[in-house]
Amino acid sequence: MMYPYFSFRHFRFHVVGLFLAGLILAFSSLAATSTSDAEWEHAGWGGGGYYYAAAFHPTRDGVIYLAGDVGGVYKTEDHGRNWRIINKGLVDYAVFSLAVDPSNPDTVYAATVGGLCKSTDAGESWQLLPQAGPKELAIIGKKKKSIRSVAVVPSDGNIIFAGTPNGKVFRSKDGGQFWKEVYQVAVKGAEEGRLRLQFGKANDNYFGGMWTKLSFPENVNPADAVGFGMNFKGDGSTPSKGFFVYLKGPGFSYRSRNLNGLLADTDARDVILTAEDFSIDPEFAKKHPAKAAEAPATPDWSKIDRVDLSCVGDLPREQHVASISSFFIAATQTIDGQAGSVAKPVIIPTKVLSNNSKPSKYGNLRIGDPVVGSVYSVAVSPVDPTRVIAATDSNGLVLSSDQGNSWVRLETPQKASGVAFDPQHANVVYGTFFSDGVWKSVDYGKTWSRLEEGISDKVSLLEVAVSPTNSQDVYVVGADGWNGAFYRSEDGGNTWANSSKTRPDYVWNPTLPESGKVVSMSTVTNVTINPANPEQLFTSANWRCSFSEDGGVTWEERIKGADISCITDIQFVGDRVYVSVMDEGTLMSSDNGNSWRQLWPMKYEANLSGHNWRVRVDQIEGQDRIISTASPWGGEYPQLVVVSEDGGKTYQATKAGLPDYQISANTMWGRGYPRALAVDPSNPQIVYMGIDGDPTPGKNGGGVFKSVDGGYTWDQLKNQPGSRRMYYGLAIDPTNPQRIFWAGFGSKGGVYRSEDAGESWQRVFRKDQYLFNLKATADGVIYAGGKELYRSTDQGKTWQTLTNFKNNRSIVGIEVHPEDPNTIWISANVWSNAADGAIYKSIDGGSSWQDMTGDIPYNRPQILRYNPLTRELWVGYVGLYKIKQ
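Residues numbered from 1 in each chain as written. Predicted model: local features only at pLDDT ≥ 70, side-chain atom pairs only at ≥ 80, totals over all residues. Heavy atoms only, no water.

Peer 1: Looking at this structure, I do not really get the overall build of the chain. What am I missing?
Peer 2: Regarding its fold elements, the chain presents 3 helices and 70 strands. Computed over the C-alpha atoms, the radius of gyration of the chain is 30 Å, within 12% of the 29 Å expected from 2.2 N^0.38 for a compact globule of 885 residues. C-alpha atoms of the chain, sized along the principal axes, occupy 90 × 85 × 50 Å. Within the chain, the fraction of its 885 residues that count as buried is 59%. Contacts spanning at least 24 positions in sequence make up 55% of the contacts within the chain whose residues lie at least 6 apart. Accessible surface, the chain as shown: approximately 34700 Å² in total, 48% of it carbon and sulfur. If the 87 positive side-chain charges of the chain are averaged to one point and the 94 negative ones to another, these points end up 4 Å apart. (Helix = DSSP H or I, 4+ residues; strand = E, 2+ residues; numbered from the N terminus. Rg over C-alpha atoms; globule rule 2.2 N^0.38 Å. Buried < 20%, exposed > 50% of the residue type's maximum accessible area, 1.4 Å probe, protein only. Contact = heavy atoms within 4.5 Å. Areas by Shrake-Rupley, 256 points an atom, 1.4 Å probe, with all protein chains shown as cover. Lys, Arg positive; Asp, Glu negative; His and termini not counted. Charge placed at Lys NZ, Arg CZ, Asp CG, Glu CD.)

This is the structure:
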């Protein structure tokens, strides 16, 4: 996900009094109140997402821990038949590695993106360990960078080793209170005295840049300046898109000619750009036409106070690297010689750069040394605890024989994913090496042999595990594309049998029910063995985590309650509940959340399977009419709409009138998603949809779309709100369906209103330009959620601020009681993945607020919906929960 930034603008003068009154109310409204009274009931299912780590409890038979990328940590006490979320105190919900302490069996470690957390009560509560946060030692877990990254010395629980995504191994000798770096993967590609710039490969795009302040040299006459320059070195690449220098100063911005050719030159050399190489920046001219018209045609060198180096374009899965040692002004100098005097350009340094410099950056740019490979896994020998091996991304397996004081690189493949010691024979070691398979050493790492009989050469292996009671039983896991891979050996790895099928549980993971009675596992990330009964195995995996009673011969999904679903909408019709879900589709419950049924997709379909964003349901002639918006993972359609006229028994996917390309300009998450949907309350055939993203040359981008045939065909509105970047903010005024509200995000953000069904738009609220959601009530009151919660009772003419929450929170979920407009619920979210959100309730129209977060294990829901039939508030994002209200 991409995380927005927030800023304020002042109200216009004529509403200052109302604004101040609202602030006074808000400042007095958030006195601390107890949250222990709110008890939430889980209403979702399990599965349908990515789980990255698993570990058995060392002594309590049946206890397993499980971790996922969005839901935190889960625990079962009955061999996986029932799970519950155990996130109390966890610093972050993205967890990628787990470890247990064999000598203190209730001690568990969880490597989150927010730092390494520790529990001493079997996961019931957690604490972030000192120095482990990302801004300190960065002892963190990271997606696809941490496999089994934490290891505890079996005979001494005070000694812990932790590998990190930035290529380090840390050791603690006091249970995680203090840490010492004991290993660092060597950095390759850095150059002394030069600033390294890496474009691309961070998120498969090529855009962004750096900028730094400049000052004109005092010892140079501006009249003698002839150009701007830099000492530049490329990487030999030839990108097809733009690479520019921008020179900026008061009232002007100039852009150089395209400099792509510089990257092809691998020699460091001085590059001088003269006035003829620059022209007025087109974007500056577009935003500031008057200033651009007054500016000189070429730069005034004496007024330059900033230089930018920027790239734009799309170069998927490539990176382009440049290095710079200085920026300078080139000036003429007269030199007398036999042939008379001549003018020669000389270099006057204005800025010296190296990797110690701290220039500002934006977009997809990495400044500084290359990213070193991750330490994916760490293992300690159960027989000899002085022996430690780490699996690294670029140095293969590295070994320490003195508990981390010194290390040697072993003669293994370069990219190592997992490592395991034979628990009975100190000299026997196994390693997994992604596409290079599984290898074994019987002489403590001196020599290695690949074990490949029975293993497909298409498989990428992530982890290896050895039975604690029988050294001949060895297991490896990984993936063949998206298909999971599980192999077992009964002869110490000499031969392998494939056991990569599992029996799905369509009751507690109701997704894709037409896939079959036995299905292929999806990417398997960990395998853990029950020490109390080594025939029992459990795998964490994408979609269907599985349990085996027979040493991995057969598998069955066990996932009930391990909720990882990302709920994007909730709707109630009669006694039925409908939800749209990222990755999983659209589902329905006819028993108030006790069980669920998949509506679509029923099996994997390239043009349908993917994220569902919004669902709306109307009852027409006794039938539930359902509309859902979707963005498939693949296929031909970047966005589509699914319509069912019969409660989901049959459905039709349509893309008629929707953009047939992926929108990327000015979007929230890197591409445009159909994340907003509103149905005209007076005519269900009229539907509005919002897709975020600006137009680009030859393409109309996103914005507001309209259907007059119930969602089967769509037209992009001719006129659009001033900001098309948006999240959930689209609402129709029930008192006047011609009046539509739109919440924009960014420099032109705010609330936009149309009084003519979208034919024209007016910005009616601009104090907060970073809005996430809108809510229109039956009596025409409109709420907007951004940095605070705002309300208008006069169709957007004036606004009142209802909250005063701490910084870095955003109001995303908004709900108002349909029978009591003074009762309001909101969710205050954070965007840094930290577990610091909250759910609030007001019973006096927003004058005061009560924290009702209570015991909900995921405290940042984005969807809040009230069901008047059951008198329950439902909340969803990661997981689905409800509470009587």
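Back to the write-up after that little detour.
Peer 1: What's the story with the pattern of salt bridges in this structure? I'm lost.
Peer 2: Opposite charge on two side chains permits pairing when their charged atoms draw close. Using the criterion set out here, one finds 33 salt bridges in the structure. For R558, the salt bridge is made with E556, and the minimal N-O distance between the two is 2.6 Å. On the basis of relative accessible area, E556 is assigned to the partly exposed category, the value being 22%. As a salt-bridge pair, E645 and R625 come within 3.0 Å of each other at their nearest N and O atoms. You can see E645 sitting in the loop between β50 (640-644) and β51 (652-654) and its partner R625 sitting in strand β49 (residues 623-632), a full 20 residues away along the chain. On the accessibility criterion, E645 (39% relative accessible area) is partly exposed. (Salt bridge = Lys/Arg side-chain N within 4 Å of Asp/Glu carboxyl O.)

Peer 1: How should I be thinking about the packing of aromatic side chains in this particular structure?
Peer 2: Ring pairs (aromatic) are described by centroid distance and by the angle formed between their planes. Applying the stated rule across the entire model yields 36 aromatic pairs. With centroids separated by 6.3 Å and ring planes inclined at 85°, the aromatic side chains of W543 and W633 adopt a geometry described as edge-to-face. Of this pair, W543 sits in the loop between β41 (537-541) and β42 (546-548) while W633 sits in the loop between β49 and β50; the two residues are 90 residues apart in sequence, bridging distant segments of the chain. Judged by its relative accessible area of 10%, W543 is buried. Consider the rings of F765 and W799, whose centres lie 4.9 Å apart with planes at 40°: the pair is tilted. Residue F765 is located in strand β59 (residues 762-765), and its partner W799 is located in the loop between β62 (789-792) and β63 (800-801); the two are separated by 34 residues in the primary sequence. (Phe/Tyr/Trp six-rings, centres within 6.5 Å; stacked < 30°, edge-to-face > 60°.)

Peer 1: Whenever I open this one, the environment of R871 confuses me. Can you help?
Peer 2: By the element assignment, R871 lies in the loop between β68 (863-867) and β69 (872-877). Relative accessible area serves as the criterion here: at 40%, R871 is assigned to the partly exposed category. Taking the C-alpha atoms as reference points, R871 and Q319, separated by 552 residues in sequence, lie 54 Å from one another. Ignoring sequence-local partners within four residues, the contact set of R871 consists of H817, E819, Y866, I883, K884 and Q885.

Peer 1: I'm lost on the sheet that holds strand β3 (residues 64-68) in this one. Help?
Peer 2: By definition, the strands of a sheet pair up through backbone hydrogen bonds, in either a parallel or an antiparallel sense. Strands sit in the order β2-β3-β4-β5 across an open sheet of 4 strands; the sheet is antiparallel. Two strands close off the open sheet at either side, each with one partner strand: β2 (51-56) and β5 (83-85). The sheet shows a mean angle of 25° between the axes of neighbouring strands, taken without regard to direction. Of the strand pairs in this sheet, β2 and β3 are connected by 5 bridges, and their pairing is antiparallel. Note on β3: the bridge partner recorded for A53 is A67. (Pairing = 2+ DSSP bridges. Axes fitted to C-alpha atoms, helices over the stretch in contact; angles between N-to-C directions.)

Peer 1: Looking at this model, I keep getting lost on the state of the cysteines. Mind explaining?
Peer 2: Linking two cysteines covalently via their sulfur atoms produces the bond known as a disulfide. Taken as a whole and judged by the stated rule, the model has 0 disulfides. The thiol of C545 is unpaired, and the distance to the nearest cysteine sulfur, on C566, comes to 15 Å. Assessed through its relative accessible area of 11%, C566 is described here as buried. (Disulfide = S-S within 2.5 Å.)

Peer 1: Would you mind showing me how to read unusual backbone geometry here?
Peer 2: Among all residues save glycine, negative phi is the norm, and among peptide bonds the norm is trans. With omega at -10°, the peptide bond leading from W600 into P601 counts as cis. With respect to the helices and strands, P601 occurs in the loop between β47 (597-600) and β48 (610-620). Even without being glycine, A138 reaches a positive phi, approximately 55°. By secondary structure assignment, the location of A138 is in the loop between β9 (127-128) and β10 (150-152). For A138, a relative accessible area of 14% gives the class buried. The phi dihedral of A757 is positive, around 60°, even though this residue is not glycine. Within the secondary structure layout, A757 lies in the loop between β58 (750-754) and β59.

Peer 1: Just checking my understanding: could you explain the nonpolar core for this structure?
Peer 2: Soluble, globular proteins show a tendency: their nonpolar side chains are buried together. Membership of the largest hydrophobic core comes to 37 residues, with the highest contact counts inside it found for F228, M230, F232, V245, W301, L309 and F327. Sorting the residues of this core by element identifies β14 (195-199), β16 (225-233), β17 (242-249), β18 (252-256), β19 (269-274), β21 (306-312) and β22 (320-337) as the ones contributing at least two each. A total of 5 residues in this core trace back to one element, the largest contributor, which is β22. Apart from the residues lying within four places of it in its own chain, the contact partners of F228 are L214, V245, L247, V271, I272, L273, W301, V307, F327, F328 and I329. Residues Y93, I567, I570 and V579 belong to the second largest nonpolar core, which totals 30 residues. (Core = buried A, V, L, I, M, F, W, Y, C linked by side-chain atoms within 4.5 Å.)

Peer 1: What's the story with the environment of Y254 in this structure? I'm lost.
Peer 2: If you trace the backbone, Y254 turns up in strand β18. Overall, Y254 belongs to the buried group, its relative accessible area being 0%. In terms of polar contacts, Y254 uses its side chain to reach the backbone carbonyl oxygen of T298, at 3.2 Å. (Polar contact = N/O pair within 3.5 Å; in protein donor to acceptor, adjacent residues only side chain to side chain.)

Peer 1: Explanation requested: the sheet that holds β47 in the structure shown.
Peer 2: Spatially, 4 strands are ordered β44-β45-β46-β47 in an open sheet, and the strand pairing comes out antiparallel. With one partner strand each, in any of the chains shown, β44 (566-573) and β47 form the two edges of the open sheet. Strand-to-strand, the axes of this sheet are offset by a mean angle of 25°, without reference to chain direction. Looking at chain direction, β44 and strand β45 (residues 576-582) are connected through 7 bridges and run antiparallel. Counted as the bridge partner of I570 is V579 from β45.

Peer 1: When you look at the side chain of T870 in this model, what are you seeing that I'm missing?
Peer 2: Counting through the fold element by element, T870 comes out in the loop between β68 and β69. At a separation of 2.8 Å, a polar atom in the side chain of T870 contacts the side chain of E872. Excluding its chain neighbours within four sequence positions, the residues that come into contact with T870 are N592 and K884.

Peer 1: Explain the pairing of strand β12 (residues 168-172) here, please?
Peer 2: Side-chain positions along a regular strand alternate between the two faces of the sheet. The buried fraction of β12 amounts to 4 of the 5 residues, a majority that puts the element mostly inside the structure. Counting the residues that bridge the hairpin from strand β11 (residues 160-163) to β12 gives 4 residues, and of these G167 lies at a positive phi of roughly 85°. Strand direction decides the pairing type here: β12 and strand β13 (residues 180-184), joined by 4 bridges, are antiparallel. Each residue of the ladder has a partner; that of F170, found in β13, is E181.

Peer 1: I would appreciate a short explanation of the side chain of T523 in the present structure.
Peer 2: You can see T523 is positioned in the loop between β39 (519-520) and β40 (524-529). Excluding its chain neighbours within four sequence positions, the residues that come into contact with T523 are Y50, G478, A479, G481, W482, N483, G484, S540, A541 and N542.

Peer 1: I'm lost on the confidence of the model for the chain in this one. Help?
Peer 2: As a note on interpretation, predicted positions should not be read in detail where pLDDT is low. The share of residues in the chain with pLDDT of 70 or more is 93%, and the mean pLDDT across the chain is 90. Overall, residues 1-35 carries pLDDT values under 50, and its contacts beyond four positions in sequence, including any with other chains, amount to 60 contacts. Every residue in residues 338-342 scores below 50 in pLDDT, and together they form 7 contacts with partners more than four places removed in sequence or on other chains. (pLDDT = per-residue confidence, 0-100.)

Peer 1: Teacher, can you tell me more about the pairing of strand β30 (residues 418-421) here?
Peer 2: Side chains G418 and A420 project from β30 onto one buried face, and the interleaved V419 and F421 project onto a second face that is buried too. As judged from the 4 bridges shared by β30 and strand β31 (residues 429-432), these two strands associate in the antiparallel manner. Each residue of the ladder has a partner; that of V419, found in β31, is G431.

Peer 1: I'm lost on the environment of S628 in this one. Help?
Peer 2: Along the chain, the position of S628 falls in strand β49. With 47 residues separating them in the primary sequence, S628 and R675 have C-alpha atoms 9.9 Å apart. Leaving out residues up to four positions away in the same chain, S628 has contacts with S580, T586, W600, N612, R614, V615, L640, V641 and V642. Of the polar contacts made by the side chain of S628, one reaches the side chain of N612; its length is 3.2 Å.

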